Structures are given as C-alpha cells and as structure tokens.
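The primary structure of each chain is shown beneath.
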Amino acid sequence: MTIRTTILAAASALTLSACAAAPADFTAKAAPVAASGPFLSADVSAVSPTGLPDQWWRLYDDPVLDGLIDEAASANTDMRQAVARIERARAALRGARSDRLPQAGLSASGGYGQTSVAQTLPAANRSGSLFSIGADVSYEVDLFGRVSGGVAAARGDLAAARADADAVRIMVIADTTQAYATAANAAARKNTARSIVALLDETLRLTRKRHDAGLADGLAVARIEALREQRAATIPEIEAQRSAALFALATLTGRPPSQLPPIAGERSVPLEITTPIPVGDGAQLLARRPDVRAAEQRLLANTARIGVARADLYPRVTLGGSVGSTASSVGNLFSGGPLSFLLGPLIDWAYPNREPTFARIDAANADASGALAAFDGAVLSALQEAETALSDYARALEQRRALKAAQSAAQRAAAITRAQNREGVVDSLQTLDAERTYAEAQGALADQDALVSQRQIAVFRALGGSWSQTSQGAAR
C-alpha cells in the first residue's frame, strides 16, 4: 500500500467517523405561547399590565431607600464577588481570543562544559563554551473551528457570569428593600401596640375608679390589667425585630451595624405602593429574568464546546517558522555561519486511536443536554415564581380589606362599650371583651400591613427587575 493510498483511506475513515459523532443541534426552545400572555394570577385591581420600570424601588418614592440601594449595589460583599467572577470570565475570553493570534517565543542559553573522551575526536578540545539564541513563530489555522468554538464558549461564559451578577443584584436590592420595609413595619406595629396600651391604660383607670366607687369588682380590674400587660409585652419583641432588620440593612450595604446612619431607621409608616403595580406579561418576564438569560448563555457555551471537541477529530494544522544560531562565543552568534532557520506547516493528528476524542464529544453532548434541561427549568421556575408571588399578593390584599373592616367595626364597638360603661349600662367584663376584640383586630391589621409590604416586594423579586449595570454592553 502506497503512502498516498494510506492517507486517502485515513481521510475517508475520518470523514465517516466525524459524521457518526456529529451532535444534534442544541438551541433554546421557544417559550410556550401561553407564557407570553397576561399572568393568570394578576389581580386587575392591584396590578397593571404596564411594563416594570428599570428601577422599580423608586415607585416607593423614598429617597432614603434610594440611597441605601445605591450603596448596596456598590458595597455589598455578594455583589463584589459577582463582579470578580465577571472579571475572571472576561480574562478567560481574552485568553481564548489570543489563540487566534500568532504565538511567538524567544530563547537563549549559554554554558561551559566538558565532553567525555569517547565523545571527543582525537586532538580536539574536550571543554569549552557553547551559546545559542533562537526565535520561533507559530499560527494555528482554524480549519475545523477549534479556536472559534473556544471563543464562542468563553463569550457565553462571560454573558452567563454577567447574568448571574444581575441575579445577585436583584437579590441584594430586594433584600435591602425588604430589610428597610421590615424596620418601618416594626416601627408602625410598635406605635400601634403603644396606642393599644394607652387605650387599655385609660380603660384600666376608669375601671379602677368604678371599683373604688363600688361599681366594679376586683376581678374586672385584674382582667383588664392582665390584658394591658399582655399587649405591653409584645413591644420588646417588635423592637427586637426592628433591630434585626436594621442590622441586616447594615450588612447589605457593606457596613458594620454601628455605622448604619440613623436616618435608615426613622421611617415608621409601612412601605407600600398604593397604586396598581406594573408587572408586564409573561414574555417581558422571561426577557427580564437573569436566571433565564444565564441558563440560555450556558446552553450556547456548552453547544460551542461540542464543536471544540469535534475539531479534535481532524488534523490540527499549524504554520510556523524558527531561526536560531549556535556558537562557541557570543560574538560569533550573529555571524552568518552558525545561523539556521526552518519554515513549514506542522500537522498534529491523533489517528487511528480516536476513542478519547469520541469520549470528549459524548461528554460535551451530555453537558449541552443538561444545559438545555436547565434552561427549560429556569423558564418554568420563573413563570411559577411570578404566578405564586402575584397570587400571594392578591390574597394578602383581600385579607387586609377584610381585617380593615373588622378593625373599624371593633373600634366602633369598643367606643360604644366605653361610653355605656361610663353610664353604667354595661359592666366592666363587657368592656373588657370589647377592648380585647379591638386590640386583636388592630394588631392583626398591623401585622397584615407588614405582610402586604413583604408580598409586594416578593412580586418585584419574582418579576426579575430590569435594572443592571453588568449586562449593559456587549462582551469585549
């Protein structure tokens, strides 16, 4: 068999094996048509189909919150780690792109030595100096996409890192808003608890007065006093919750608790948007969610790595050249005599044992299949989280409307009972029952206000937000 016949046979076998190993194309599947429409759980009285604004937290119109979020976006430790991962991915992309450029190297050496007698010609000097200098240049001809596939994979990794950083940013912004809202809600609940205690103090004063006049027994005084102490006992717990929220706020903004500005804890009104909040639709959700974008970019990167693995089935062709000089003295290195050079292509081909290459192709296919499943899962999770958050928010609003009506009715009943008690129409136990009902209704409404605020922020978290700094601009 001639050399030419051998080469042709190997090329034919290579072509057939490459076709057998060709992977299926992995592309992001389109989202279900139903996912592009309005949300199923959107309460038309509470939300609007208008698209979510870039900086959703500004809908609260609170400059203190705006400043805290700006600080968290730049100083939060999780954000700093995410930015570091972006820089690492950007460096990897630069490294992959450098494979497109010629590679050059310089070498030089010098030394003094002695050869053995057996290696030295008669009458020749056995010892002496030897100096050499050389340069080489090589360039890989990317015939089969190994280099371009590596660049595409690195570009996808960078885009995924940026999307991951956007996801961290959304989490940090939502957590900062929630901590600020929790502190404000705790302050509002503490004020409510104090007002309840003040009302019970007045009821207790009147009941003691009636007791001194012989119009009420000691049991009524003891029961009202017990209720008053029960309500007063809730205040330290609420204050502890407020302190914990402020400590969390300090950490989120990159500060120790002692350095959180006092203005961060001055709000005592629940944080809430009273107008319908903009939520957009399913299509806008999937375009905003950074976890969906990250999963898509990882799918593209893993698909590109299939091509990189397949390229190893083909010869790797490198064009190169080298020039060098070797002499017994430095002065003779640059004379024409010892100069040597070499030009020509280099073909590197692992053949016929290509099983390791096929194994790498199979592994790359498996990675791409997993990335496709992860992308599909991210889409479904985004839709689930958005629908759940919107449903929870709508139910919380319904519950608050009912609790507000109950609180108003209890307030009227307590006022009437107090008046009747002063006139001697009802006894102190009836007054106690009315006061207890009013206190419970007022406390439940305050707790529900805090829950509504929490559910509202959860909606924005699930919708993904669209403000980011890391995703702006194309990969450099």
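A quick note: this is a predicted structure, and the numbers were derived from the prediction, not measured.

Report on the overall build of the chain, specifying residues and quantitative values.
The helix and strand inventory of the chain stands at nine helices and six strands. A buried classification covers 38% of the 476 residues belonging to the chain. For the chain, the proportion of contacts with a sequence separation of at least 24, taken over those separated by at least 6, is 84%. Here the chain displays about 25000 Å² of accessible surface, and carbon together with sulfur accounts for 58% of that area.

Describe the confidence of the model for the chain, naming the residues involved and giving the relevant values.
Of the residues in the chain, 88% have a pLDDT of 70 or more, and the chain-wide mean is 83. Per-residue pLDDT stays below 50 along residues 468–476; that stretch engages in 22 contacts with residues further than four places along the chain or on separate chains.

Quick rundown of the environment of Thr253? Include the residues and the values.
Note that Thr253 resides in the loop between helix 5 (218–252) and strand 4 (277–278). Beyond its immediate chain neighbours, meaning those up to four positions away, Thr253 contacts Leu68, Glu71, Ala72, Ala75 and Leu260. Engagement of the side chain of Thr253 in a polar contact is seen with the backbone oxygen of Leu249, the distance being 3.0 Å. Side-chain polar atoms of Thr253 contact the side chain of Arg255, separated by 3.2 Å.

How would you summarise empty space enclosed by the protein if you had to cite specific residues and measurements?
Summed over all chains, the structure comprises four cavities of 30 Å³ or more. Looking at the largest cavity, its volume works out to about 60 Å³. What lines the largest cavity is Glu140, Val141, Asp142, Leu143, Phe144, Gly145, Arg146, Ala311, Pro315, Arg316 and Val317. Of all elements in the fold, only strand 3 (127–141) and strand 5 (316–327) reach the threshold of two or more residues within the lining of the largest cavity. A class-by-class count of the residues in the lining of the largest cavity yields six nonpolar, one polar and four charged.

Reading guide: rules and limits
Residue numbers restart at each chain and count upward from 1, following the sequence in its written direction. A pLDDT threshold of at least 70 governs which residues receive local features in this predicted model, and a stricter bar of 80 or more applies before side-chain atom pairs are shown or counted, although totals over entire chains, interfaces and linings include all residues. No hydrogens and no water enter the side-chain calculation; it runs on all heavy atoms of the structure. Numbering of helices and strands runs from the N terminus; a helix is a DSSP stretch of H or I covering at least four residues, while a strand is a stretch of E covering at least two. Think of it in three bands: with a 1.4 Å probe and only protein chains considered, a residue is buried below 20% of the maximum accessible area for its type, exposed above 50%, and partly exposed in between. Any pair of residues with heavy atoms lying within 4.5 Å of one another is described as a contacting pair. Computed with the Shrake-Rupley method and a 1.4 Å probe, the accessible areas treat only the protein chains shown as cover for residues. Per residue, pLDDT captures the predictor's confidence, and it can take any value from 0 to 100. Residues adjacent in sequence count toward polar contacts only when both atoms are side-chain atoms; beyond that, a polar contact is any pair of N or O atoms within 3.5 Å, and within protein one must be able to donate a hydrogen and the other to accept it. Points on a 1 Å grid, built from protein atoms alone, make a cavity when a 1.4 Å probe fits but cannot get out and make a pocket when they are open with protein on both sides within 12 Å along at least 5 of 7 lines; residues with an atom within 4 Å of a point are the lining residues. Grid points are joined across faces, edges and corners, and a volume is the space filled by probe spheres set on the points. Three classes are used, and their members are as follows: Ala, Val, Leu, Ile, Met, Phe, Trp, Tyr, Cys and Pro are nonpolar, Asp, Glu, Lys and Arg are charged, and the others, Gly among them, are polar.

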